[in-house]
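Examination of the molecular architecture
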Amino acid sequence: MDIEQIRAYCLSKPHTTEDFPFDETTLVFRVMNKIFASIGLDNVDWFCLKCDPEYAIELREHYTGITGAWHWNKKYWNQIAITHGDVPEALIRSLIDHSYDEVVKKLPRKLRNQLKEEE
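First, a word on what this report is: a plain description of the structure on this page. Computed from a predicted model, the values in this text were never measured in an experiment.

1. Looking at the overall build of the protein
If you tally the helices and strands in the protein, you get 4 helices and 6 strands. Beginning at the N terminus, the succession of helices and strands in the protein can be written as α-β-β-β-β-α-β-β-α-α. On C-alpha atoms alone, the protein measures out to a radius of gyration of 14 Å, which is about the 14 Å that the 2.2 N^0.38 rule sets for 119 residues. Expressed along its principal axes, the backbone C-alpha trace of the protein runs to roughly 40 × 30 × 25 Å. Contacts in the protein between residues far apart in sequence, at least 24 positions, make up 47% of those at least 6 positions apart.

Dropping the structure here:
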């Protein structure tokens, strides 16, 4: 996957928005104003996704292209290599879904219900 495919896939998720909250090169994707993905436009070889802590460790043990995310809490965030890693495209899509779901499940019930009603 390339950056445009990742961007399109992230934006296809319900209620996803994108913005540059930190600087002019760090693009983030949010659901209901909570970040679930980030990519630095100055280094599009990697992007970051939220992850269940146990699953994050498992992924890092199995794929050299998945490491703890630089500048993010490594317990909850993975950095995925998209141009030079061993992470299959299907897994990248699955990890984007997982990241989105991790954020949604921690939203207040009212926001989760709103998401369900509008799907």
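Here the narrative resumes, following the displayed structure.
2. Quick notes on the packing of helix α1 (residues 3-11) against helix α3 (residues 89-105)
Between α1 and α3, the least distance of the axes is 11 Å, while the angle of their chain directions is 40°. For the pair α1 and α3, the sense of crossing is right-handed. Touching Ile6, Tyr9 and Cys10 of α1 are Arg93, Ile96 and Asp97, all from α3. Grouping the constituent residues of the contact of α1 with α3 by class yields 4 nonpolar, no polar and 2 charged.

3. Structural notes on empty space enclosed by the protein
Summed over the entire model, instances satisfying the criterion amount to 1 cavity of 30 Å³ or more. Of the voids in this model, the largest cavity is the one considered here, and its volume is about 30 Å³. Every residue along the wall of the largest cavity is listed here: Leu49, Lys50, Cys51, Leu59, Asn78, Ile80, Leu95 and His98. Elements represented by at least two residues in the lining of the largest cavity include exactly β4 (46-50), β6 (77-81) and α3. Its residues assigned to classes, the lining of the largest cavity comprises 5 nonpolar, 2 polar and 1 charged.

4. Focus: the packing of aromatic side chains
By convention here, two paired aromatic rings are described through the distance between centres and the angle between planes. As enumerated under the stated definition, the model contains 3 aromatic pairs in all. Taken together, a centroid distance of 6.1 Å and an interplanar angle of 80° make the contact between Phe22 and Trp72 edge-to-face. Of this pair, Phe22 sits in the loop between β1 (16-19) and β2 (26-31) while Trp72 sits in the loop between β5 (66-68) and β6; the two residues are 50 residues apart in sequence, bridging distant segments of the chain. Put simply, the rings of Phe22, Trp72 and Trp77 pair up and form one aromatic cluster. Between Lys13 and the ring centre of Tyr100, over which it is positioned, the NZ or CZ distance is 5.1 Å. Between the NZ or CZ atom of Lys50 and the centre of the ring of Tyr76, over which it lies, the distance is 6.0 Å.

What counts as what
Along each chain, residue indices are assigned from 1 in the same order as the chain's sequence is written. Predicted model: local features are reported for residues with pLDDT of at least 70 only, side-chain atom pairs are reported and counted for 80 or more only, and whole-chain, interface and lining totals are derived from all residues. To get the side-chain values, all heavy atoms of the structure are used, and hydrogens and water are removed first. Numbering goes from the N terminus for both helices and strands, where a helix is a DSSP run of H or I of at least four residues and a strand is a run of E of at least two. As a reference, a globule follows 2.2 Å times the number of residues to the power 0.38, and the radius of gyration itself is taken over C-alpha atoms. Any two residues whose heavy atoms approach within 4.5 Å at even a single point are treated as in contact. Where helices are involved, their axes are fitted lines through C-alpha atoms of the stretch in contact, as for all axes, and angles between N-to-C directions lie from 0 to 180°. Throughout, a crossing is termed right-handed when the near helix is turned clockwise from the far one, and left-handed when it is turned anticlockwise from it by less than a right angle. Each residue gets one label: Ala, Val, Leu, Ile, Met, Phe, Trp, Tyr, Cys and Pro are nonpolar, Asp, Glu, Lys and Arg are charged, and the others, such as Gly, are polar. The pocket and cavity definitions rest on a 1 Å grid over protein atoms only: a 1.4 Å probe that fits but cannot leave marks a cavity, an open set with protein on both sides within 12 Å along at least five of seven lines marks a pocket, and residues lining either have an atom within 4 Å of a point. Grid points are joined across faces, edges and corners, and a volume is the space filled by probe spheres set on the points. Think of it this way: a Phe, Tyr or Trp ring, Trp meaning its six-membered ring, pairs with another when their centres are within 6.5 Å, and the plane angle makes it stacked under 30 degrees, edge-to-face over 60, tilted otherwise. Counting as a charge over the ring demands two things of the Lys NZ or Arg CZ atom: a distance within 6 Å of the ring centre and an angle within 35 degrees of the ring normal.

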